[in-house]
Amino acid sequence: MKLIMAVIQDKDSTRLSDALVKADYRATRLSSTGGFLKAGNTTFLIGVEDDAVEEVMGIIQKNCRSREQVVAPISPMGGNADSYVPYPVEVQVGGATVFVLPVDHFEQF
Amino acid sequence: MKLIMAVIQDKDSTRLSDALVKADYRATRLSSTGGFLKAGNTTFLIGVEDDAVEEVMGIIQKNCRSREQVVAPISPMGGNADSYVPYPVEVQVGGATVFVLPVDHFEQF
Amino acid sequence: MKLIMAVIQDKDSTRLSDALVKADYRATRLSSTGGFLKAGNTTFLIGVEDDAVEEVMGIIQKNCRSREQVVAPISPMGGNADSYVPYPVEVQVGGATVFVLPVDHFEQF
Ligand code: NI
Ligand code: NI
Ligand code: NI
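What this report covers is the structure whose coordinates are included nearby. (Residues numbered from 1 in each chain as written. Chains lettered and ligands numbered in written order. Predicted model: local features only at pLDDT ≥ 70, side-chain atom pairs only at ≥ 80, totals over all residues. Heavy atoms only, no water.)

**Looking at the interface of chain B and chain C**
Using the following cut-off: What makes two residues a contact is simply this: any of their non-hydrogen atoms within 4.5 Å. As used here, buried area is the combined drop in accessible area, with a 1.4 Å probe, of two parts when they are placed together. When a carboxyl oxygen of Asp or Glu is within 4 Å of a side-chain nitrogen of Lys or Arg, the pair counts as a salt bridge. In protein, a polar contact requires one atom able to donate a hydrogen and another able to accept it; more generally it is a pair of N or O atoms within 3.5 Å, and residues adjacent in sequence count only if both atoms are side-chain atoms. Runs of E in the DSSP output that reach at least two residues are strands. Runs of H or I that reach at least four are helices, and both are numbered from the N terminus. When residues are grouped by polarity, Ala, Val, Leu, Ile, Met, Phe, Trp, Tyr, Cys and Pro land in nonpolar, Asp, Glu, Lys and Arg in charged, and all others, Gly among them, in polar. DSSP calls a pair of strands paired once it identifies at least 2 bridges connecting them.
Of the residues lining the interface, 20 residues belong to chain B; the matching set on chain C comes to 25 residues. Between chain B and chain C the total buried area reaches about 1,900 Å² when both faces are included, carbon and sulfur atoms providing 63% of it. K2 of chain C is paired through a salt bridge with D104 of chain B; the nearest N and O atoms lie 2.3 Å apart. Scanning the region where chain B abuts chain C turns up 6 residue pairs in polar contact (both at pLDDT 80 or more). Only strand 2 (27-33), strand 3 (41-48), strand 6 (96-102) and strand 7 (105-108) of chain B provide two or more residues apiece to the side of chain B that touches chain C. Top contributing element to the side of chain B that touches chain C by residue count: strand 2 of chain B, with 5 residues. Classifying every residue of the side of chain B that touches chain C gives 11 nonpolar, 5 polar and 4 charged. Relative to strand 2 (residues 27-33) of chain C, strand 2 of chain B runs antiparallel, the two sharing 2 bridges.

Here it is, written out as structure tokens:
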């Protein structure tokens with residue numbers, strides 16, 4: 001038995017959750033901030049048998065991997081003119097930081 | 001030393017907390033959602049000596065075990081008529097998913 | 001690889017975060033309540049190489065250690081007269097409860 005703790009971006013949270021449910025894994029989500037990833041993030045706790053670790057790692061990688069995204073220019077109206085970017089830019093989104101922890105004992109009541 | 005991570009339903013949270021305090025154990029609570037249990041849930045972190053694991057597991061089981069509860073019919077007034085149940089129903093509440101993790105080192109400052 | 005889980009008081013959270021960033025460590029923060037520490041608290045997750053555990057423990061100790069603080073008398077105006085303290089008092093603030101957990105596998109996507 002292992003406990004997989006995966007810190008991922010909020011924007012990938014629903015997609016990862018759906019993919020885990022579809023593969024019959026259950027996860028608990030903790031709201032988290034900062035650190036490993038810049039934007040708002042979510043920490044998933046997933047308890048799995050040893051031989052399922054690789055499959056779950058693959059699901060996380062597929063649904064959360066770091067990638068570039070083109071962000072359209074945002075009008076400064078109602079916002080801060082200092083942060084106005086008049087042309088599309090590429091930003092890095094996604095990414096996951098994953099710890100696989102050994103579990104001494106697992107119980108469900 | 002072990003770290004007990006217990007995911008339980010919100011509705012059992014105060015009761016478990018009180019039972020742990022009474023038995024002289026201290027827990028940190030993380031707000032969590034979804035996954036192991038359907039409703040809103042709480043993740044307890046409880047650091048204990050090895051020989052106290054069984055006692056704490058017993059406290060969790062006693063205060064959070066899965067059980068059936070009769071839910072009285074809810075009037076559709078002000079709610080969604082689609083979800084109106086005109087007779088009492090039994091629903092499963094409670095339950096706990098518990099991981100006991102080994103701890104390399106424990107420190108209090 | 002180790003996962004350091006540190007439960008600290010909210011008031012020390014920004015200071016610890018800044019000190020970790022300055023030392024080039026990255027942490028994820030989980031909002032937590034009660035338990036090990038009385039006031040609102042935050043749980044830091046910090047993944048580190050084995051030989052960095054001591055340094056990070058030192059950073060946590062330096063920025064979060066339990067200490068006494070003199071609290072000026074608070075006027076009962078608009079508050080509860082029962083809790084009025086007419087002279088400065090010393091209260092204990094800070095403190096950290098730290099678990100160092102073994103990590104089987106660590107991955108970043
Ligand atoms: Ni057992
Ligand atoms: Ni030590
Ligand atoms: Ni690997």
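**Section: the pattern of salt bridges**
Our working rule: The rule is simple: take the accessible area with a 1.4 Å probe, protein chains only, and divide by the maximum for that residue type; under 20% is buried, over 50% is exposed, in between is partly exposed.
Evaluated as defined, the whole model comprises 9 salt bridges over all chains. In this structure, R67 of chain B and D12 of chain B form a salt bridge, with 2.8 Å as the shortest nitrogen-oxygen distance. One end of the pair, R67 of chain B, is in strand 4 (residues 67-71); the other, D12 of chain B, is in the loop between strand 1 (2-9) and helix 1 (13-22), with 55 residues separating them in the sequence. Since its relative accessible area comes to 25%, R67 of chain B is described here as partly exposed. With a relative accessible area of 1%, D12 of chain B lands in the buried category. A single network of salt bridges, built from pairs that share partners, joins D12, R15 and R67 of chain A.

**A word on the relation of the copies chain B and chain C**
So the rule is basically this: The fit set for superposing copies consists of C-alpha atoms from residues with pLDDT of at least 70 in both; the fit itself is least squares.
The two copies are related by a screw operation: chain B maps onto chain C through 120 degrees of rotation and 0.0 Å of translation along the axis, at an RMSD of 0.1 Å. Such a combination of turn and shift is consistent with a three-fold rotation axis. In this assembly the copies use different faces: only 20% of the residues contributing to the interface of chain B also contribute to that of chain C.

**Quick word on the environment of G95 of chain C**
All names here are of chain C. Its place among the elements puts G95 in the loop between strand 5 (89-93) and strand 6 (96-102). In this structure G95 comes out as buried when scored by relative accessible area, which is 3%. When the C-alpha positions of G95 and R67 are compared, they lie 7.5 Å apart, and in sequence the two are 28 residues distant.

**Some points on the interface of chain A and chain B**
Between chain A and chain B, the contact holds 20 residues from the first and 25 residues from the second. Interface of chain A and chain B: buried area, both sides summed, is about 1,900 Å²; carbon and sulfur atoms make up 63% of it. Applying the counting rule to chain A against chain B returns 1 salt bridge. Put simply, chain A and chain B have 6 residue pairs in polar contact (both at pLDDT 80 or more) between them. Taken together, the elements giving at least two residues each to the side of chain A that touches chain B come down to strand 2 (27-33), strand 3 (41-48), strand 6 (96-102) and strand 7 (105-108) of chain A. Sorting elements by how many residues they give to the side of chain A that touches chain B places strand 2 of chain A first, with 5 residues. Residues belonging to the side of chain A that touches chain B are distributed by class as follows: 11 nonpolar, 5 polar and 4 charged.

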